[in-house]
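# Observations on the model geometry
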Amino acid sequence: MEATASRRLRFAFMVQGRKAAAQGWRQGDPTVSFLSKTCSVEFCTIDFQMPYREYAPSPHLAQWVECFWTSETGPLPAVQRVMPDGCEDIVWIPREGRLAAIGTMTRTQVVAHAGEQTIAGVRFHPSMARACLGIDADQITDGSVNLEDLWGNRAAGLQRRLSAAGDPAEWIRLLGSELRPPLPATPVQQMAKWVAERGGNLSVREMARLAGVSSRHLRRLFLRQTGLPPKLFCRIVRFRSLVRGLSAKPKAGWAQCALDAGYYDQSHFVKDFCEFS
């Protein structure tokens, strides 16, 4: 099996356990590691990298929104692995006519696609979605909720306009027009931003000291704002930094990218890779 992440494969497979992730890391084969979780899928397309594009938010949303995005699926049934990134999203799925808020993930989600379509969404910076969605982040961690359940008639009207538009560029414009974040950011939101800028390389004790609160109180605040306890949030941010490094510098090698992301021994690296990929 080639290690090119963008190659589309059609086969039946079964992967058991976490040993493959460690083996893939040692052999430098990211394809093996991408399939490290226990899963069983029969006769479908495995898309490691579906056509995906990101669009920068307007300046007045940049503090809150990381990006708008679109993802295109092919004509064959497919599954897609989505790794945790510490963020929450609003997603428009036209085939299902569904407009949903997607919570912060603690593990990779395997998403099945029935056929060809374009999906659009908005990804919030870590901790920033709560102000726009109107719900504590830990209420939807590893889950989703129809946006109409949170916004009521406002979401129903947006869904009707999205259905009528039928164009990804217009979907993004409509999604952006409905975001009304308050100003300024809370101290926890500022802390989460700082953690992200540091690549997750902060201890909970240091975070609590900088915030001027106890570690227990910091945990409560982080759960409400990010959907994650602070230690797990830092681990996911660090793992995301690693994935970005591998994408930006594919010739640098796994060991160097791991060191750049703050991993100083193989056991921590393998543990996070097994858990988050």
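Whatever comes next refers back to the structure up there.
An account of the accompanying structure is given in this report. None of these values were measured; they are calculated from a predicted model. (Residues numbered from 1 in each chain as written. Predicted model: local features only at pLDDT ≥ 70, side-chain atom pairs only at ≥ 80, totals over all residues. Heavy atoms only, no water.)

## Thoughts on the sheet that holds strand 6 (residues 89-93)
This is how the line gets drawn: In this description, strands pair whenever DSSP reports at least two bridges between them. The numbering of helices and of strands both runs from the N terminus, where a helix is a DSSP run of H or I of at least 4 residues and a strand a run of E of at least 2. Here the axes come from fitting lines to C-alpha atoms, over the contacting stretch only for helices, and the angles between their N-to-C directions go from 0 to 180 degrees. Contacts are residue-level and defined by heavy atoms, with any inter-residue pair within 4.5 Å sufficient.
As summarised here, the arrangement of the six strands in space is 3-4-9-6-7-10, forming an open sheet in which the pairing is antiparallel. The open sheet has two free edges, formed respectively by strand 3 (52-55) and strand 10 (144-146), since each of these has just one partner strand. The sheet shows a mean angle of 25° between the axes of neighbouring strands, taken without regard to direction. Here strand 6 pairs with strand 7 (residues 98-102) via five bridges, running antiparallel. Of the residues in strand 7, the one forming a bridge with V91 is A100. The strands touched by helix 6 (residues 168-177) are strand 3, strand 4 (65-73), strand 6, strand 7 and strand 9 (117-124); relative to strand 4, the strand with the most contacts, the crossing angle is about 150°.

## What to know about the packing of helix 10 (residues 230-248) against helix 12 (residues 266-276)
Inclusion rule: Roughly parallel covers angles under 35 degrees, roughly antiparallel covers those over 145, roughly perpendicular covers 65 to 115, and oblique covers all other angles. Polar here means any residue outside two lists: the nonpolar Ala, Val, Leu, Ile, Met, Phe, Trp, Tyr, Cys and Pro, and the charged Asp, Glu, Lys and Arg; Gly therefore counts as polar.
Contact geometry for helix 10 and helix 12: axes closest at 11 Å, N-to-C directions at 95°. Judged on the interaxial angle alone, helix 12 and helix 10 are roughly perpendicular. On helix 12, the residues that touch L232, R235, I236, R238, F239 and L242 of helix 10 are F269, K271, D272, F273, E275 and F276. Here the contact of helix 10 with helix 12 is composed, by residue class, of seven nonpolar, no polar and five charged.

## Examining unusual backbone geometry
In this model, S127 sits at a positive phi of 80°, which is unusual for a non-glycine residue. Mapped onto the elements, S127 comes out in the loop between strand 9 and helix 3 (129-133). Here D142, not a glycine, exhibits a phi torsion of approximately 60°, which is positive.

## Examining the pattern of salt bridges
Here is the rule we go by: The working definition used for a salt bridge is a side-chain nitrogen of Lys or Arg within 4 Å of a carboxyl oxygen of Asp or Glu.
Counted according to the given criterion, the structure contains 18 salt bridges. R107 is the salt-bridge partner of D142, the closest N and O atoms lying 3.0 Å from each other. One end of the pair, D142, is in the loop between helix 3 and strand 10; the other, R107, is in the loop between strand 7 and strand 8 (109-113), and 35 residues separate them in sequence. Because the salt bridges share partners, they merge into one network encompassing R235, R238, K271, D272 and E275.

## A look at the packing of aromatic side chains
Quick note on the threshold: In this scheme Phe, Tyr and Trp rings, the latter by its six-membered ring, pair at centre separations within 6.5 Å, and the angle between planes marks the pair as stacked below 30 degrees, edge-to-face above 60, and tilted otherwise. Here's how the labels work: a residue is buried when its accessible area is under 20% of the maximum for its type, exposed when over 50%, partly exposed in between, all with a 1.4 Å probe on protein chains only. Two conditions define a charge sitting above a ring: the NZ of Lys or the CZ of Arg must be within 6 Å of the ring centre, and it must be within 35 degrees of the ring normal.
Evaluated as defined, the whole model comprises nine aromatic pairs. Geometrically, the ring pair formed by F239 and F273 is edge-to-face, given 5.6 Å between the ring centres and 85° between the ring planes. Remark: F273 occurs in helix 12 and F239 occurs in helix 10; sequence separation between them is 34 residues. Using a relative accessible area of 1% as the deciding quantity, one classes F239 as buried. With 5.6 Å between their ring centres and 45° between their planes, W254 and F273 make a pair best called tilted. Residue W254 is located in helix 11 (residues 254-261), and its partner F273 is located in helix 12; the two are separated by 19 residues in the primary sequence. The class of F273 is buried, set by a relative accessible area of 7%. Three or more aromatic residues joined by ring pairs make a cluster, and in this case those are F239, W254, Y263, F269, F273 and F276. Across the ring face of Y263, the terminal group of R238 is positioned such that the distance to the ring centre comes to 4.2 Å.

## Quick notes on the side chain of R238
Using the following cut-off: Polar contacts here mean pairs of N or O atoms no more than 3.5 Å apart (in protein, one a potential hydrogen donor and the other a potential acceptor; neighbouring residues in sequence count only if both atoms are side-chain atoms).
Within the fold, R238 resides in helix 10. Judged by relative accessible area, which is 15%, R238 ranks as buried. Within the structure, R238 has its side chain in polar contact with the backbone oxygen of G262 (distance 3.2 Å). Every residue in contact with R238, bar those within four places of it in the chain, is listed here: G199, G200, N201, A261, G262, Y263 and D272.

## Points about the pairing of strand 9
Taken across its eight residues, strand 9 has seven buried, putting it largely inside the fold. The pairing of strand 4 with strand 9 spans eight bridges and is antiparallel. Among the inter-strand pairings, T73 is bridged to a residue of strand 9, identified as Q117. In terms of strand pairing, strand 6 meets strand 9 through four bridges, oriented antiparallel. Its bridge partner being in strand 9, D89 is matched across the sheet by R123.

## Quick look at the environment of F269
Inspection of the secondary structure puts F269 in helix 12. F269 gets classed as buried once you look at its relative accessible area, which sits at 1%. Note: C-alpha distance between F269 and A258 (11 residues apart in sequence) is 7.2 Å.

## What to know about the packing of helix 10 against helix 11
The relative placement of two packed helices is expressed as an angle between their axes plus a distance between the axes. Basically, it comes down to this: Crossings are sorted by hand: turned counterclockwise from the far helix by less than a right angle, the near helix makes the crossing left-handed, and turned clockwise it makes it right-handed.
Two numbers describe how helix 10 lies on helix 11: the axes approach to 9 Å, and their chain directions differ by 140°. Judged on the interaxial angle alone, helix 11 and helix 10 are oblique. Along this stretch, helix 10 crosses helix 11, giving a crossing that reads as right-handed. Residue-level contacts link R238, S241, L242, G245 and L246 of helix 10 to W254, C257, A258 and A261 of helix 11.

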